[in-house]
Amino acid sequence: MPNVTLRVNGDVVSRDIEARMSLADFLREHANCRSVHLGCEHGVCGACTILIDGRLARSCIALAIALEGADVTTLEGLHADATIAQLRESFHECHGLQCGYCTPGMLVTARDIIQREGETTEKRLREALAGNICRCTGYAGIVASIRHAAEALKQD
Amino acid sequence: MKPNPFNYVRARSISEAIDLLASHAGEAKIMAGGQSLVPMLNLRIAAPDSIIDVTAIPELQQSGETSDGAYFGACVTHERIQRGETPDPSNGLMPRIAARIAYQAVRNRGTIGGSLALADPAADWLTTTVALDATIEWTGPEGPGSCRAEDFVLAAYTTRLGPADVLTGLRIPNLTQQARWGTYKLTRKTGEYAHAMATVVRSSGRSRAVLGATGGAPIRLPQTEDHLTGLKLWDDGAASRLAATMASDLQGVTLQISDVHAWQLRTCLIRAAQMSFGIEAPDMETI
Ligand SMILES: Cc1cc2nc3c(=O)[nH]c(=O)nc-3n(C[C@H](O)[C@H](O)[C@H](O)COP(=O)(O)OP(=O)(O)OC[C@H]3O[C@@H](n4cnc5c(N)ncnc54)[C@H](O)[C@@H]3O)c2cc1C
């Protein structure tokens, strides 16, 4: 089996894997990143959203083998990140989750939206969240949480 | 793990990729961003023996200005165009289109060449490149080839590319400063593939009006284009006149288009034309 070496949340992870292994399976099975959730496995639901070299990506439609040398960050790796810390608090405050399945992908995506756009309108937020499906909340709590976090971060 | 097993090879040059494709006799597939191919692998719609990753080939990542426009290597991502990291020959049309393809996580990896090579009828770049009169370039066992975007797609998921051809990039001529564009697509949900789309580029020389998500290749509307070239302002009767020229253009088209689909395409065309006159349509409207 071919070998791949990449960096996951700062640690070097090197494994012999099948070429057909998705990055999502690699992260869950070889790097113990259980925040990476698999929903649709074709890029639509957003539950597996992570960062590759700092950029938002779907780990279910990236092949681990193709990412030799890449720097991958999952929600686990962002536990001390200031934006994520605030989002965590805001999701708690504004009821941003119910079952929690979509939450890791929501948080990683929300961080990206805040970093790129700062405080933004509800309409823009809903557009930017269109690639992350939640089947519990109806999004109202999630949108409120992200607006809450963006505002709190601006005040800091 | 969902896909069938396959070998993975990272090609270092275009000629290496062509050799690999040719030696696998149709059983190998190129991978660029993987944003369409990996879903197809996961669903086992595609089950190639080998996957040839072309993203490490430096030429395919390049973009730059040319004497009369801009060049885009096949592996330029939607996100690079969205962010304005590449030259813009289109007075803002290309960044606007890029920003509305799929979702940010997909735009960060999906490429313009991958979209064109796949030729999903609803792909945004298929319609946009026809509206901008792009030239698409490839190289294969028989050497380099190229054609105008409007001749590139033969049918849904079918292009001029042969089984061992690599799409290398595309050239887009500059729009004049005076050219005005408009674009509109109907989707059920933001980021989803469109049910219908239209892009209009108005200029005093030659205007373009193109329908996309037709179920087949994008459709140019010659009579509508003539009409738009002469049109100086958008008045009360403009929408119905445009609908009439579009209906007459579609009579010459062999592709089957249902009444509902024609209605959707007409809506897009009218909104795109309005936008070219500075009238923005409601952005989040869905069917
Ligand atoms: C959830 C989701 C929503 C999407 N929504 C939209 C949308 O609204 N509009 C839209 O336009 N697209 C949409 N897409 C598709 C996206 O834009 C893809 O990035 C794009 O279609 C394919 O680009 P890629 O680089 O990922 O190609 P890949 O997936 O790597 O390849 C696609 C096909 O093209 C071939 N190929 C790739 N590069 C070359 C090359 N250089 N030469 C020859 N053949 C090549 C491959 O062999 C394969 O058959 C969506 C995708 C997802 C996952």
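Residues numbered from 1 in each chain as written. Chains lettered and ligands numbered in written order. Predicted model: local features only at pLDDT ≥ 70, side-chain atom pairs only at ≥ 80, totals over all residues. Heavy atoms only, no water.

Considerations on the domain arrangement of chain B
Residue and element names in this part refer to chain B. To keep things clear, this is the line we draw: An automatic or database domain assignment provides the domain bounds reported here. Throughout, a residue-residue contact means that at least one pair of heavy atoms, one from each residue, lies within 4.5 Å. Each of two parts loses accessible area, computed with a 1.4 Å probe, when they are put together; buried area is these two losses added. A carboxyl oxygen of Asp or Glu within 4 Å of a side-chain nitrogen of Lys or Arg is what we treat as a salt bridge. Any N or O atom pair separated by 3.5 Å or less is treated as a polar contact, with the protein-specific requirement of one donor-capable and one acceptor-capable atom, and with residues adjacent in sequence counted only for side-chain atom pairs.
Splitting chain B by domain gives domain 1 (1–175) and domain 2 (180–286). The C-alpha-based centres of domain 1 and domain 2 are spaced at 25 Å. Contacts between the two partners involve 26 residues from domain 1 and, on the opposite side, 26 residues from domain 2. Both sides of the domain 1 and domain 2 interface together cover about 2,100 Å² of buried area, and 58% of this is carbon and sulfur. Counting the contacts that link domain 1 with domain 2 gives five salt bridges. Across the pair K185 and D124 runs a salt bridge, and its minimum N-O distance is 3.0 Å. Where domain 1 touches domain 2, the interface holds 11 residue pairs in polar contact (both at pLDDT 80 or more).

What about the packing of helix α3 (residues 103–117) of chain A against helix α5 (residues 140–155) of chain A?
Residues and elements named next belong to chain A. How we decide: Axis definition: a line fitted to C-alpha atoms, over the contacting stretch in the case of helices. Angles run 0 to 180 degrees between N-to-C directions. The helix and strand labels rest on DSSP assignments: H or I over at least four residues marks a helix, E over at least two residues marks a strand, and numbering proceeds from the N terminus. The cut-offs work like this: below 35 degrees is roughly parallel, past 145 is roughly antiparallel, 65 to 115 is roughly perpendicular, and the gaps in between are oblique. Throughout, a crossing is termed right-handed when the near helix is turned clockwise from the far one, and left-handed when it is turned anticlockwise from it by less than a right angle. Classification convention: Asp, Glu, Lys, Arg as charged; Ala, Val, Leu, Ile, Met, Phe, Trp, Tyr, Cys, Pro as nonpolar; all other residues, Gly among them, as polar.
The geometry of α3 relative to α5 is characterised by a closest axis approach of 11 Å and an angle of 45° between their N-to-C directions. With respect to α5, the axis of α3 lies oblique. Between α3 and α5 the crossing geometry is right-handed. The segment α3 lies against α5, with M106, A110 and I114 engaging I142, I146, A149, A150 and L153. Split by residue class, the contact of α3 with α5 holds eight nonpolar, no polar and no charged.

As for α5 of chain A
All names here are of chain A. Rule in force here: Expected span of a helix: the number of residues minus one, times 1.5 Å. Between buried and exposed lies partly exposed: a residue is buried under 20% and exposed over 50% of the maximum accessible area for its type, with that area taken using a 1.4 Å probe on protein chains only.
In this model α5 runs 23 Å from its N-terminal to its C-terminal C-alpha over 16 residues, within 8% of the 22 Å that 1.5 Å per residue would give. Those residues of α5 lying buried are G141, I142, V143, S145, I146, A149, A150 and A152. Turning to α5, the residues buried within the fold contact α2 (82–93), α3 and α4 (122–128).

As for the interface of chain B and chain A
The interface is formed by 29 residues belonging to chain B together with 28 residues belonging to chain A. Between chain B and chain A the total buried area reaches about 2,600 Å² when both faces are included, carbon and sulfur atoms providing 61% of it. Our enumeration of links across chain B and chain A arrives at two salt bridges. E41 of chain A is the partner of K2 of chain B in a salt bridge, and the nearest nitrogen-oxygen pair spans 3.9 Å. Counting every contact that joins chain B to chain A gives seven residue pairs in polar contact (both at pLDDT 80 or more). Residue assignment for the side of chain B that touches chain A shows that the elements contributing at least two residues are β1 (7–10), α2 (37–42) and α6 (104–107) of chain B.

Overview of the nonpolar core
Stated formally: The nonpolar core is taken to be a set of buried Ala, Val, Leu, Ile, Met, Phe, Trp, Tyr and Cys residues, with the residues joined through side-chain atoms within 4.5 Å.
Counting 50 residues, the largest nonpolar core has L116, W125 and F152 of chain B as its most contacted members. Counting only elements with at least two residues in this core, the list comes to α1 (14–23), β5 (69–73), α5 (93–99), α7 (112–118), α8 (124–131), β6 (135–140), α9 (149–152) and β10 (166–173) of chain B. If one sorts the elements of this core by residue count, α1 of chain B sits on top with five residues. Formed jointly, this core draws a minimum of three residues from each of two domains, domain 1 (1–175) and domain 2 (180–286) of chain B. With residues up to four places along the chain from it excluded, the contact list for W125 of chain B reads H78, I81, M94, I97, A98, I101, I112, S115 and L116 of chain B. If you look at the next biggest cluster of nonpolar residues, it comprises 36 residues, including V8, V36, C48 and A57 of chain A.

Points about the sheet that holds strand β2 (residues 11–16) of chain A
All names here are of chain A. Our working rule: Two strands pair under a simple rule: DSSP has to find at least two bridges between them.
The sheet built from five strands is open, its strands ordered β2-β1-β5-β3-β4 with mixed pairing. Each edge of the open sheet is held by one strand with a lone partner, namely β2 and β4 (55–58). Within the sheet, the average angular offset between the axes of one strand and its neighbour, ignoring direction, is 40°. Relative to strand β1 (residues 3–8), helix α1 (residues 23–30) is tilted by about 75°, and along the sheet it contacts β1, β2, β3 (49–52) and β5 (71–73). Lying on the sheet, α3 is in contact with β3 and β4; it crosses β3 at an angle near 50°.

Some remarks on the site of the ligand
Formally: The rule for a residue being near a molecule or strand is that one of its heavy atoms must lie within 4 Å of it.
Around the ligand, a shell composed of 33 residues is seen, among which I30, Q35, L37, T111 and D124 of chain B lie nearest. Chains contributing residues to the immediate surroundings of the ligand are chains A and B. One of the backbone N or O atoms of Q35 of chain B is found 2.7 Å from an oxygen atom in the ligand. A distance of 3.5 Å separates an oxygen atom of the ligand from a polar backbone atom of E192 of chain B. For the shell around the ligand, the leading source of residues is α7 of chain B, giving four residues. Considered class by class, the residues forming the shell around the ligand number 17 nonpolar, 12 polar and four charged.

What to know about the packing of aromatic side chains
Residue and element names in this part refer to chain B. Note the cut-off: The criterion for an aromatic pair is that two Phe, Tyr or Trp rings (for Trp, the six-membered ring) have centres within 6.5 Å, with stacked assigned to planes under 30 degrees apart, edge-to-face to planes over 60 apart and tilted to the rest. Charge over a ring is defined by NZ of Lys or CZ of Arg lying within 6 Å of the ring centre and within 35 degrees of the ring normal.
Applying the stated criterion to the full structure yields two aromatic pairs over all chains. Taking 6.1 Å as the distance between ring centres and 40° as the angle between the ring planes, the aromatic pair formed by W138 and F152 counts as tilted. Linking W138 in strand β6 with F152 in helix α9, this pair joins segments that are 14 residues apart in sequence. Each member of the pair W138 and F152 is classed as buried. Aromatic pair W234 and F277: ring centres 6.0 Å apart, planes at 45°, arrangement tilted. In this pair, W234 is assigned in the loop between α10 (222–230) and α11 (238–250) and F277 in the segment after α12 (259–276), connecting sequence segments 43 residues apart. Under the relative-accessibility criterion, W234 is labelled buried at 17%. Residue placement shows R271 over the ring face of Y184; its charged tip is 5.3 Å from the ring centre.

Notes on the layout of surface pockets
Just so we agree on the cut-off: The rule is simple: put a 1 Å grid over the protein atoms alone, call a set of points where a 1.4 Å probe fits but cannot get out a cavity, call an open set with protein on both sides within 12 Å along at least five of seven lines a pocket, and count a residue as lining if it has an atom within 4 Å of a point. Grid points are joined across faces, edges and corners, and a volume is the space filled by probe spheres set on the points.
The volume enclosed by the second largest pocket comes to roughly 680 Å³. Considering the residues around the second largest pocket, the lining is formed by 43 residues, among which A99, R100, K185, T190 and G191 of chain B are closest to the centre. Per-element accounting of the lining of the second largest pocket gives the leading share, five residues, to α3 of chain A. Its residues placed into classes, the lining of the second largest pocket shows 13 nonpolar, 14 polar and 16 charged.

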